[in-house]
Amino acid sequence: PCLMDGKRTRAQLLRDEIIEATAKLVAEHGMDFPMRILADNLNTWPNAIYGHFPSKLLLQEAAANYIIDDVFCSDAVSDIVAREEPWQDKFRTLARLLFDCARAHPGLGRLQTYYGVGGSSGSFNLVGTLVSLGMKQGLPERRAAILVQSAIVYIVTLGDMAAHYDSDEADM
């Protein structure tokens, strides 16, 4: 039941609904949005959101995973890997997807770098795919993984810079 002021209670909010609203907000305002804006968008109070996510950082992590999963758990990665083209072109295409994702969601890159790439199933899918591409070229698994992790941190940092400065100069 709603309280007199018409705001939704914690029990009326769904965790997935909060994550989806957060992802939309991130695309508009970046990861550093005020919780009050999210609460207003959901017609609730910040405390009702904190009932589902004990901290803003945990909510941001869930939103980052949702965003990355949307990009990299689709058939896009499989389709790119299946192409008949050199591995470098596949790597560039996957890197561009990651860059565009970070650019469209300011702060996402910093958050993924903080948590470590591979925190979500989508980013894990991307990391595994890129490591496999490196191994097919003769790199030992550990070296391929280190190179991929370094490249991803670099790519998401560029995406964050491009989002922050909103210019084509920071483009990949």
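Before any of the text, the structure's been laid out above.
In this report, the structure presented in the accompanying data block is examined.

Calculation criteria
- Residues numbered from 1 in each chain as written.
- Predicted model: local features only at pLDDT ≥ 70, side-chain atom pairs only at ≥ 80, totals over all residues.
- Heavy atoms only, no water.
- Helix = DSSP H or I, 4+ residues; strand = E, 2+ residues; numbered from the N terminus.
- Buried < 20%, exposed > 50% of the residue type's maximum accessible area, 1.4 Å probe, protein only.
- Contact = heavy atoms within 4.5 Å.
- Areas by Shrake-Rupley, 256 points an atom, 1.4 Å probe, with all protein chains shown as cover.
- Salt bridge = Lys/Arg side-chain N within 4 Å of Asp/Glu carboxyl O.
- Axes fitted to C-alpha atoms, helices over the stretch in contact; angles between N-to-C directions.
- Parallel < 35°, antiparallel > 145°, perpendicular 65-115°, else oblique.
- Left-handed = near helix turned anticlockwise from the far one by under 90°.
- Nonpolar A, V, L, I, M, F, W, Y, C, P; charged D, E, K, R; others polar.
- Core = buried A, V, L, I, M, F, W, Y, C linked by side-chain atoms within 4.5 Å.
- Phe/Tyr/Trp six-rings, centres within 6.5 Å; stacked < 30°, edge-to-face > 60°.
- Lys NZ or Arg CZ within 6 Å of the ring centre and 35° of its normal.
- Expected span 1.5 Å × (residues − 1).
- Polar contact = N/O pair within 3.5 Å; in protein donor to acceptor, adjacent residues only side chain to side chain.

1. Description of the overall build of the protein
If you tally the helices and strands in the protein, you get nine helices and zero strands. Along the chain direction, N to C, the helices and strands of the protein fall in the order α-α-α-α-α-α-α-α-α. A buried classification covers 41% of the 172 residues belonging to the protein. Within the protein, contacts between residues at least 6 apart in sequence are counted, and of these 69% link residues at least 24 apart. In the structure as shown, the protein presents an accessible area of about 9,400 Å², 55% of it carried by carbon and sulfur atoms.

2. Let's talk about the pattern of salt bridges
Tallied over the full model, the rule gives six salt bridges. Between Arg83 and Glu85 there is a salt bridge whose closest N-O contact spans 3.7 Å. Via salt bridges that share partners, Lys7, Arg36 and Asp40 belong to a single interconnected network.

3. Quick word on the packing of helix H6 (residues 87-104) against helix H9 (residues 141-165)
One way to put it is that H6 packs onto H9 with a least axis distance of 7 Å and a crossing angle of 40 degrees. It follows from the interaxial angle that H6 and H9 lie oblique. Crossing of H6 over H9 shows right-handed handedness. Where H6 abuts H9, its residues Phe91, Ala95, Leu98, Phe99, Ala102 and Arg103 lie against Ala151, Ile152, Ile155, Val156, Leu158, Gly159, Asp160, Ala162 and Ala163. Grouping the constituent residues of the contact of H6 with H9 by class yields 12 nonpolar, one polar and two charged.

4. Brief notes about the nonpolar core
Within the largest apolar cluster, 42 residues are counted, with the highest numbers of intra-cluster contacts made by Ile18, Leu38, Ile49 and Leu59. Listing elements by their share of this core, those giving two or more residues are helix H1 (15-29), helix H2 (35-41), helix H3 (46-50), helix H4 (56-72), helix H5 (76-82), H6, helix H8 (121-136) and H9.

5. Notes on the packing of aromatic side chains
Given two aromatic rings, one states the distance between the centres and the angle between the planes to describe the pair. If you walk through the whole model with that rule in mind, you get zero aromatic pairs. One residue, Lys56, lies across the ring of Phe33, its end atom 4.8 Å from the ring centre.

6. Topic: H6
Over its 18 residues, H6 runs 26 Å from end to end, which matches the ideal 26 Å to within 8%, given 1.5 Å per residue. Among the residues of H6, Lys90, Leu94, Ala95, Leu98, Phe99, Cys101 and Ala102 are the ones counted as buried.

7. Brief notes about the side chain of Thr22
Within the element layout of this structure, Thr22 appears in helix H1. From its side chain, Thr22 meets the backbone oxygen of Ile18 in a polar contact 2.7 Å long. Once residues lying within four places of it in the same chain are set aside, the contact partners of Thr22 are Phe33, Leu38, Leu59 and Ala63.

8. A closer look at the environment of Pro46
Among the structural elements, Pro46 can be located in helix H3. Linking Pro46 and Arg10, residues 36 residues apart in sequence, is a C-alpha distance of 9.6 Å. Not counting the four nearest positions on each side in its chain, Pro46 is found in contact with Met35, Arg36 and Ala39.

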